[in-house]
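Below, each chain spelled out in residue letters.
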Amino acid sequence: ERDITPKLILADYHLAENYKGISAIEAINAEIAIPAPAIMISSDNSATLVDSLDKLGIPLLTKPLDPARLRAVMHHLLLMQRG
């Protein structure tokens, strides 16, 4: 009965058993009416990953994570979501 739709998704790129964060984001967004914005977190900052995320409109924050940068990106995405 409660609306548990996420307002924002934080995902690590490398998950268990070779599962990737992009797949997790896509799976979550496939289950909800309005896709939630996402932030990818990873120590991988390869051009391939950056290009893939850019095409999907998902910002990449690299480890070690700067808390101020995370807050700023989260705030930006949540404001964009409101319109």
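See above for the structure.
Calculation notes
Residues numbered from 1 in each chain as written. Predicted model: local features only at pLDDT ≥ 70, side-chain atom pairs only at ≥ 80, totals over all residues. Heavy atoms only, no water. Buried < 20%, exposed > 50% of the residue type's maximum accessible area, 1.4 Å probe, protein only. Helix = DSSP H or I, 4+ residues; strand = E, 2+ residues; numbered from the N terminus. Right-handed = clockwise from strand over helix to strand, strands pointing away. Contact = heavy atoms within 4.5 Å. Pairing = 2+ DSSP bridges. Axes fitted to C-alpha atoms, helices over the stretch in contact; angles between N-to-C directions.

(A) Looking closely at the pairing of strand E1 (residues 9-12). The side-chain alternation of E1 yields one buried face, formed by Ile9 and Ala11, and one unburied face, formed by Leu10 and Asp12. In this fold, the crossover linking E1 to strand E2 (residues 38-42) by way of helix H1 (residues 21-30) has right-handed handedness.

(B) Local environment of the side chain of serine 42. Residue position: serine 42 is located in strand E2. Not counting residues up to four positions away in its chain, the partners in contact with serine 42 are Tyr13, His14, Leu49, Leu60, Leu61, Thr62 and Lys63.

(C) Highlighting the sheet that holds E1. Across the sheet, which stays open at both edges, the three strands sit in the order E1-E2-E3 with parallel pairing between neighbours. Each having just a single partner strand, E1 and strand E3 (60-62) make up the two edges of the open sheet. Strand after strand, the sheet turns through a mean of 25° between neighbouring axes, direction not considered. Where E1 and E2 come together, four bridges link them in parallel fashion. By the bridge assignment, isoleucine 9 is partnered in E2 with alanine 38. Against the sheet, H1 contacts E1 and E2, and its axis sits at roughly 150° relative to E1.

(D) Seen up close, unusual backbone geometry. Cis peptide bonds are those with omega within 30 degrees of zero, and the linkage from lysine 63 to proline 64 qualifies with 0°. Within the secondary structure, proline 64 is located in the loop between E3 and helix H3 (67-82). In this structure, glutamate 17 is a non-glycine residue whose phi angle is positive, near 50°. Position of glutamate 17 among the secondary structure elements: in the loop between E1 and H1. Phi at asparagine 18 takes a positive value of approximately 65°, unusual for a residue other than glycine. The topology assignment puts asparagine 18 in the loop between E1 and H1. Using a relative accessible area of 65% as the deciding quantity, one classes asparagine 18 as exposed.

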